[in-house]
Amino acid sequence: MASTALSWFRRDLRLHDNPAWAAATGYDQAAALVVIEPALLAAAGPFRRQAYLSAVAGLDRSLRSLGGRLRVEVGDPAEVVPRIAADVRADVVTLNSDVTRWSVHRDRRVSARLARPPRCFWGTLVHPPGSVLTAKGTLSRVFTAFHRKWIQEPLREQARPGPAEVLAAPPGSTLDDLDCTPPPSPWGEEDALDRLRSWLERVDRYHEDRDYPGRDGVSGLSAALRFGLLSPREAAASVGDHTPGRAAYVRQLAWRDWFAHLTAQNPDIDRVALRPEYDRIAWASGPRADADFEAWRTGRTGYPIVDAAMRELAATGHMHNRLRMVAGSFLVKDLLIDWRRGERWFRHLLADGDIPQNAGNWQWVAGIGPDAVPYFRVFNPVTQSRRFDPEGDYLRRWLPELARLGRKAIHAPWLAGPHELAAAGVTLGVTYPEPLVDHAEARRRTLAAYRKALKRSRTPTDDMR
């Protein structure tokens, strides 16, 4: 009797350099399964939902080229995976592991219901959790030290598919049979590999261009990495580190691994500060804080660089990394609003929204995680805007109401004279909002709140005295 493996795809929606798929195709027959989990799909914003379904369609396209089809089921994986494994008479289920608390809990439930434990691999990171440790055998809480070890770890060999016959899904169980409105257009691994090849032509300037949102200076591969259309090992191997730009880009893959490794050890990374003393911060609350959050969310803070970034996010599901830091810092350190509210909003809208990366970066910006930016470092939105969008080209793209302002005034319209504003058709408080806060005053308020939290954390409680 022919041996059969069932490969369960989650956030690794490719066949190329996929350890779990390579293992499955080492059997005589290989079946491919995606289980759409309604709760996860409902929690995703429109851009991530569409990106995911398009990536699933792309995986099906790859399987069709081999004579097979992707089997797509909707429901609880703990019910679906064992049932499909029995349907195809699978000798084994293969999968690539993940680090979030949801994923770990789900995989334990699935494993408990399978006739035999699944074969688990790591195809979503360059190096898996537990493989990059200090001399004491612990995960470094300092990124520079982690990166030093990470870069010395040899890359695993490319995972190559075996000769298995790829099975076709039975009628009624493909993506075509689901009610998806609009139907997803396939976006697959070949598209991601094409993007990687294009990136290799520009990556040598990455260290010079990466911080300028108006330039084509970043890879545009984050969503492909998020959904596994591109192997991170493949990205690291293809880019290399033999020029400053390439080394800087590969360093970002190390940050991605580090946040995942931290999440594996701290599954509540999106709920709890990794430096717990900062969970004592008295965040702004009440109607004023809610109104400020709404202004931030909709790009109406009166600070052009923040507003442009938030409007781009709402319109496209994308935001430049530099702007994620600026917008995040403004919410937390100018408005003193709980970082968790911002993290949830970003994760909802970002096409590449992902707990380890999103929460890790929010903790870094808020100054509450390991090796985070010091709490007293507060991004000045005007300084950032002038430095990284000096001509105001990015601002004009997303803030047409300010497009006629000059290169100096557009970064801080409230500093412009009345004649310049009138000539540009700008009326503060009418055509464009006045600033929600004075940055200098907001900075002082925030630093006081952080210092108070630190002081409280160092004061023994009554029952400890």
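Residues numbered from 1 in each chain as written. Predicted model: local features only at pLDDT ≥ 70, side-chain atom pairs only at ≥ 80, totals over all residues. Heavy atoms only, no water.

Draft legend 1. The arrangement of the overall build of the chain in detail. What the chain contains, in helices and strands, is 20 helices and six strands. For a compact globule of 465 residues, the expected C-alpha radius of gyration is about 23 Å, and the chain comes in at 24 Å, within 12% of that figure. Taking the principal axes of the C-alpha coordinates as reference, the chain spans close to 85 × 65 × 45 Å. Of all 465 residues assigned to the chain, the portion counted as buried reaches 55%. Taking contacts inside the chain between residues at least 6 apart in sequence as the whole, the part at least 24 apart equals 77%. When the accessible surface of the chain is split by element, carbon and sulfur atoms take 52% of a total near 20,400 Å². (Helix = DSSP H or I, 4+ residues; strand = E, 2+ residues; numbered from the N terminus. Rg over C-alpha atoms; globule rule 2.2 N^0.38 Å. Buried < 20%, exposed > 50% of the residue type's maximum accessible area, 1.4 Å probe, protein only. Contact = heavy atoms within 4.5 Å. Areas by Shrake-Rupley, 256 points an atom, 1.4 Å probe, with all protein chains shown as cover.)

Draft legend 2. Local environment of the packing of helix α13 (residues 304-316) against helix α14 (residues 321-334). Between α13 and α14, whose axes approach to 9 Å, the crossing angle comes to 115°. Judged on the interaxial angle alone, α14 and α13 are roughly perpendicular. Note that α13 runs across α14; the crossing there is left-handed. Residues I305, V306, A309 and M310 of α13 form the contact with α14, whose participating residues are L323, V326, A327 and F330. Of the residues that constitute the contact of α13 with α14, the class distribution is eight nonpolar, no polar and no charged. (Axes fitted to C-alpha atoms, helices over the stretch in contact; angles between N-to-C directions. Parallel < 35°, antiparallel > 145°, perpendicular 65-115°, else oblique. Left-handed = near helix turned anticlockwise from the far one by under 90°. Nonpolar A, V, L, I, M, F, W, Y, C, P; charged D, E, K, R; others polar.)

Draft legend 3. The arrangement of the layout of surface pockets in detail. What the second largest pocket holds in volume is close to 830 Å³. Along the walls of the second largest pocket sit 35 residues, with L40, R48, W102, R226 and I355 positioned nearest its centre. Where the lining of the second largest pocket is concerned, the elements lending two or more residues are β1 (4-9), β2 (29-36), α2 (38-43), α3 (46-64), α5 (101-113) and α15 (339-349). Class assignment for the residues of the lining of the second largest pocket results in 14 nonpolar, six polar and 15 charged. (1 Å grid on protein atoms, 1.4 Å probe; cavity = no way out; pocket = protein on both sides within 12 Å on 5 of 7 lines; lining within 4 Å. Points joined across faces, edges and corners; volume = space filled by probe spheres on them.)

Draft legend 4. Structural detail: the environment of P267. Topologically, P267 is positioned in the loop between α11 (244-265) and α12 (287-297). The spatial distance from the C-alpha of P267 to the C-alpha of S457 is 23 Å, given a sequence separation of 190 residues.

Draft legend 5. Layout of the nonpolar core. Counting 61 residues, the largest nonpolar core has L13, W21, V34, L230 and Y249 as the members making the most contacts within it. Here the element with the most residues in this core is α11; it accounts for nine residues. Residue contacts for L13: discarding those within four places in its chain leaves V34, Y52, A55, V56, L59, F227, G228 and L229. (Core = buried A, V, L, I, M, F, W, Y, C linked by side-chain atoms within 4.5 Å.)

Draft legend 6. Main features of the pairing of β2. With respect to burial, β2 is a largely interior element, seven of its eight residues being buried. Note: β1 against β2, six bridges, orientation parallel. Opposite F9, over in β2, you have V34 as the bridge partner. The parallel pair β1 and β2, bridged by helix α1 (residues 19-24), forms a crossover whose chirality is right-handed. Taken together, the two bridges between β2 and strand β6 (residues 165-166) define a ladder with parallel strand orientation. Across the sheet, Q29 pairs through a bridge with E165, a residue of β6. Pairing analysis gives four bridges linking β2 to strand β3 (residues 71-74), with the strands arranged parallel. Residue pairing for β3: V35 is matched across the bridge by E73. (Pairing = 2+ DSSP bridges. Right-handed = clockwise from strand over helix to strand, strands pointing away.)

Draft legend 7. Main features of the pattern of salt bridges. Throughout the structure, instances matching the rule amount to 39 salt bridges. Taking the shortest distance from any N to any O, the salt bridge between R156 and D17 comes out at 2.8 Å. Of this pair, R156 sits in the loop between α6 (143-150) and β6 while D17 sits in the loop between β1 and α1, placing them 139 residues apart in sequence. Note that R106 and D107 form a salt bridge whose closest N and O atoms lie 3.1 Å from each other. A relative accessible area of 15% means that D107 is categorised as buried. (Salt bridge = Lys/Arg side-chain N within 4 Å of Asp/Glu carboxyl O.)

Draft legend 8. Quick look at the side chain of R347. Tracing the backbone shows R347 in helix α15. The exposure class assigned to R347 is buried, which follows from its relative accessible area of 18%. Separated by 3.4 Å, the side chains of R347 and D270 make a polar contact. Those residues in contact with R347 that lie beyond four places of it in its chain are R48, D270, G353, D354, I355 and N358. (Polar contact = N/O pair within 3.5 Å; in protein donor to acceptor, adjacent residues only side chain to side chain.)

Draft legend 9. Spatial organisation of the environment of P38. With respect to the secondary-structure elements, P38 resides in helix α2. C-alpha separation for the pair P38 and R341, spaced 303 residues apart in sequence, amounts to 23 Å. Setting aside anything within four residues of it in sequence, one finds P38 in contact with V74 and G75.

Draft legend 10. Broad picture of unusual backbone geometry. For D17, which is not a glycine, the phi torsion comes out positive at approximately 50°. The backbone of R89 sits at a positive phi, close to 55°, despite the residue not being glycine. Relative accessible area serves as the criterion here: at 66%, R89 is assigned to the exposed category.

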